[in-house]
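# Coordinates in review
One letter stands for each residue in the lines below.
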Amino acid sequence: MVRRTALLFGVGIMAAGMILAGCSKPPTEEITATQAVIDSVKALPEVSAYAADQIAAVEATMADVQAKVAEKKYDEARQALQGLADQARAIVATAAANKEAMKGTSEQAIADANSALAAADQQIIKLKRNATPEMKQKVADGKAAAAAAAEAFAAGDYATAAAKAAEAKVAADAIVNPPAAQ
């Protein structure tokens, strides 16, 4: 009788353990805290401009966590959450580094555009009357793009500055190195 009671008690303990393991609670607090960190990082303008891929990856992981919770795979969700908040915080440093790199790139692009525009001005002077209104307009457009690049650079928008400087250089290069007639 004692043996039978001990056996039933052991089976009861195992069954209770299995039921409790199957009924673990969702990691609601962890999800809320991690989502708050992700949202605060996403709110920084540098992150969307200079680390969009990284924040998208963190958001994808959070979507995966939500899917695991919906499937009641709470342990897998908790495991996926581990380190996610730290990963999101690290994106701030990545964005700052990318911004600094883009600053150098845009600075060089502006210098290249200004050199190309100076050469285009010289080409227009050299051509005198043979310079067409279209050529002069292209140089004017290039100068406007260079001014926009300088303005964006001064505002700290280095991605726009680089794009506008590239636009200015293309306009100037079209005068200095016109495409060959076909």
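Looking only at helices and strands, the chain has 8 helices and 0 strands in total. Going from the N terminus to the C terminus, the chain shows its helices and strands as α-α-α-α-α-α-α-α. Burial status across the chain gives 27% buried among its 182 residues. Restricting to contacts in the chain with at least 6 residues of sequence separation, those with at least 24 account for 73%. For the chain, the exposed area adds up to about 11700 Å²; of that, 60% sits on carbon and sulfur atoms.

It is worth spelling out the packing of helix H2 (residues 28-42) against helix H4 (residues 52-70) at this point. Between H2 and H4, the least distance of the axes is 11 Å, while the angle of their chain directions is 160°. If you check the angle between H2 and H4, you find them roughly antiparallel. For the element pair H2 and H4, the recorded crossing hand is left-handed. In contact with Ile-31, Thr-34, Gln-35, Ile-38, Val-41 and Lys-42 of H2, H4 contributes Ile-55, Val-58, Glu-59, Met-62, Val-65, Gln-66 and Val-69. Classifying every residue of the contact of H2 with H4 gives 8 nonpolar, 3 polar and 2 charged.

Let us now look at the environment of Glu-167. Here Glu-167 shows up in helix H8 (residues 158-176). Among the residues examined, Glu-167 registers a relative accessible area of 43% and is labelled partly exposed. The spatial distance from the C-alpha of Glu-167 to the C-alpha of Ala-146 is 8.0 Å, given a sequence separation of 21 residues.

The next point concerns the side chain of Ser-106. Mapped onto the elements of the fold, Ser-106 is located in helix H6 (residues 84-127). With a relative accessible area of 0%, Ser-106 lands in the buried category. The contact partners of Ser-106, leaving out residues within four places of it in the chain, are Phe-153, Tyr-158, Ala-161 and Ala-162.

Each value, and the rule that gives it
As a convention, each chain's residues are numbered from 1 in the sequence order in which they are written. Two thresholds apply to this predicted model, a pLDDT of at least 70 for residue-level local features and 80 or more for giving and counting side-chain atom pairs, whereas whole-chain, interface and lining totals are computed over all residues. In computing side-chain properties, one takes all heavy atoms of the structure into account and sets aside hydrogens as well as water. Helix and strand definitions here come from DSSP, where helices need a minimum of 4 consecutive H or I residues and strands a minimum of 2 consecutive E residues; each element is numbered from the N-terminal end. Relative accessibility under 20% of the residue-type maximum defines a buried residue, over 50% an exposed one, and the middle range a partly exposed one, all with a 1.4 Å probe and only protein chains included. Two residues form a contact once any of their heavy atoms are found within 4.5 Å. Each accessible area is a Shrake-Rupley result for a 1.4 Å probe, and residues are judged covered by the shown protein chains and nothing else. Note on geometry: axes are C-alpha line fits, over the in-contact stretch for helices, and angles between N-to-C directions span 0 to 180 degrees. Reported orientations rely on four angle classes, namely roughly parallel under 35 degrees, roughly antiparallel over 145, roughly perpendicular from 65 to 115, and oblique for the rest. Put simply, a crossing is left-handed when the front helix is turned counterclockwise from the back one by less than a right angle, and right-handed when it is turned clockwise. Lys, Arg, Asp and Glu make up the charged group, whereas Ala, Val, Leu, Ile, Met, Phe, Trp, Tyr, Cys and Pro make up the nonpolar group; the residues left over, Gly among them, are polar.

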